[in-house]
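Overview (structure and organization)
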Amino acid sequence: MNRALTNWAGNVTFGAARYHEPASVPELQQIVAAARQVRALGTGHSFNRIADTAGDLVSVAALPRIIELDPDTATVRVSGGVRYGDLAVRVNEAGFALRNLGSLPHISVAGACATGTHGSGDANQILPASVSAVEVVTADGELVTVSRESDPDDFGGWVLALGSLGIVVSLTLDLQPAFLMRQDIYDGVPQERLLDQLDEIFASAYSVSLFTDWQRPGRYQTWFKLRAEVGDTTPPAPTRFGGTAADSGRHPIPQLTGEDATQQLGVVGPWHERLPHFRPEFTPSKGDELQSEYLFPREHAAEAINALSEMGSLLAPILLVSEIRTVAADGLWLSPAYHQDSMAFHFTWIRDLEAVTPVLVEIERVLAPFEARPHWGKVFVAGPEQVSPLYQRYHDFQRLLARQDPSGKFRNELIDRYFAVPG
Ligand SMILES: Cc1cc2nc3c(=O)[nH]c(=O)nc-3n(C[C@H](O)[C@H](O)[C@H](O)COP(=O)(O)OP(=O)(O)OC[C@H]3O[C@@H](n4cnc5c(N)ncnc54)[C@H](O)[C@@H]3O)c2cc1C
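Rules and cut-offs
Residues numbered from 1 in each chain as written. Predicted model: local features only at pLDDT ≥ 70, side-chain atom pairs only at ≥ 80, totals over all residues. Heavy atoms only, no water. Near = heavy atom within 4 Å. Polar contact = N/O pair within 3.5 Å; in protein donor to acceptor, adjacent residues only side chain to side chain. Areas by Shrake-Rupley, 256 points an atom, 1.4 Å probe, with all protein chains shown as cover. Helix = DSSP H or I, 4+ residues; strand = E, 2+ residues; numbered from the N terminus. Salt bridge = Lys/Arg side-chain N within 4 Å of Asp/Glu carboxyl O. Phe/Tyr/Trp six-rings, centres within 6.5 Å; stacked < 30°, edge-to-face > 60°. Buried < 20%, exposed > 50% of the residue type's maximum accessible area, 1.4 Å probe, protein only. Pairing = 2+ DSSP bridges. Axes fitted to C-alpha atoms, helices over the stretch in contact; angles between N-to-C directions. Contact = heavy atoms within 4.5 Å.

1. Considering the site of the ligand
Around the ligand, the surrounding shell holds 37 residues, and the nearest of these are Ala40, His45, Ser46, Ser108 and Thr115. The backbone of Gly42 places a nitrogen or oxygen atom 2.8 Å from an oxygen atom of the ligand. In the model, an oxygen atom of the ligand is placed 2.9 Å from a nitrogen or oxygen of the Thr117 side chain. Bound to the protein, the ligand loses 99% of the 960 Å² it would expose on its own. Counting only elements with at least two residues in the shell around the ligand, the list comes to strand E2 (38-41), helix H3 (109-115) and strand E9 (167-174). Of the residues forming the shell around the ligand, the biggest block, 5 residues, is contributed by H3.

So this is what it looks like as structure tokens:
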């Protein structure tokens, strides 16, 4: 490669020898068939080396773009390189909606699904749980389609596969009818109210996010993303759960301006302009940052909030903001919400891995009793001996990997570390 290729945050410089942007599927098949080591790169929004390879790094962004919506089955087939934000606009124009979105619309569908990206909402699963079929170029260069219907036994391993079963060319996603939303934001929900009414707070909107710095006394900025009706102009109630209605736009990071964030203050609009926190035309979040996130069974929420609140002074020098969300259980083998309704603790850090690492060790120690599973695309320190027992289908995935990619073409350092070839 003639220039250093980095991830979005700039903390990872890819070690790939070559970078490709094939313009056709046959060209992609040839690259994969000929490669000894190959990985797909999405939009590069992951914070660790999950997309990296020493061999050929391939983007699917230049493949012919497909967004094929079938109103009869309420599904859409989309090329893997399309960004969620672009897909959402097209889906909405056709009168449909995706079930949920992550905090940013900038990420590719294939890349987001490969790492188990999620938003919030008691009834909302991680994004790849909406996938009913994937079209993948496998290790021998074949183009195969794997679907929920035709491959019920293994499908749970194929969708959230960390890029290690092949290069995803297209995905078919379930849709629902389009809907309207409003975002009402409340500052300063006190920790006592949060702990007393935790379930009520999270159940009170389609999607709820709490932002905090874990300092005492505990205060949580609470974003309610509510389904709304045409013509709903009711202003947000002045107070909710002990918090005060925000009087201007908010950004999750307190020092940054609300202009970069999606429309708030109770103004009703389409689902895809309210579900993400960040607008597509701006840099999401801060930019020079790192992120970490852990999902754990929801019943431990109060205990975990109390435990993190004890750590405020340790977190303060490196934390930009923390977010608490809920995620519904699903059946994808490597999902951090596999078979458990979950609570997610997210951390946006300053971009200083050396300062962040010892704090992660401490956070993981505190969350270990709750069997917290790290987000695959963010920064974590737990090794395979801690991570593998957290996944009931870990060995099934290991076997699927060995069967689909016997020569280890799609393996990289991270996959080798966490999914050693079974003996
Ligand atoms: C500002 C910001 C906010 C974020 N907010 C959220 C959030 O709200 N919720 C959340 O869960 N996460 C969030 N993330 C994390 C992000 O969603 C994930 O890291 C996601 O994987 C990024 O998608 P990507 O297209 O950039 O994938 P990449 O980072 O490029 O790749 C991720 C993985 O996908 C694989 N991959 C990519 N394309 C393909 C393909 N075509 N075929 C096969 N494998 C492929 C890669 O090999 C790699 O293993 C956020 C990240 C940022 C930077």
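Okay, back to it.
2. Here we look at the pattern of salt bridges
One pass over the full model with this rule turns up 22 salt bridges. For Lys378, the salt bridge goes to Glu293, with nearest N and O atoms at 2.9 Å. Of this pair, Lys378 sits in the loop between strand E20 (373-374) and helix H10 (384-387) while Glu293 sits in strand E17 (residues 289-297); the two residues are 85 residues apart in sequence, bridging distant segments of the chain. With its nearest N and O atoms 2.6 Å apart, the salt bridge here joins Glu362 to Arg365.

3. Overview of the packing of aromatic side chains
Taken as a whole and assessed by the stated rule, the structure comprises 19 aromatic pairs. Both rings, one in Trp376 and one in Phe419, keep their centres 5.7 Å apart while their planes meet at 40°; by these two values the pair is tilted. Remark: Phe419 occurs in the segment after helix H12 (413-418) and Trp376 occurs in the loop between E20 and H10; sequence separation between them is 43 residues. Look at Trp376 and you get buried, because its relative accessible area is 1%. Consider the rings of Phe397 and Phe419, whose centres lie 5.2 Å apart with planes at 70°: the pair is edge-to-face. You can see Phe397 sitting in helix H11 (residues 394-404) and its partner Phe419 sitting in the segment after H12, a full 22 residues away along the chain. Overall, Phe397 belongs to the buried group, its relative accessible area being 0%. Among the residues examined, Phe419 registers a relative accessible area of 0% and is labelled buried. Put simply, the rings of Trp376, Phe380, Tyr391, Tyr394, Phe397, Tyr418 and Phe419 touch in pairs and so form one group of aromatic residues.

4. A short note on the sheet that holds E9
The strand order across the open sheet built from 5 strands is E4-E5-E9-E7-E8, with neighbouring strands paired in antiparallel fashion. Looking along the sheet, the strands with just one partner apiece sit at the ends: strand E4 (67-70) and strand E8 (143-147). Strand-to-strand twist across the sheet, computed as the mean angle between neighbouring axes with direction ignored, equals 15°. Both strand E7 (residues 131-137) and E9 contribute to a ladder of 6 bridges, which runs antiparallel. Residue Val136 lies in a different strand from E9, and its bridge partner there is Val168. Sheet strands touched by helix H1 (residues 25-34): E7, E8 and E9. Its angle to E9, the strand with the most contacts, is close to 130°.

Distances and angles like these do not, on their own, reveal function.
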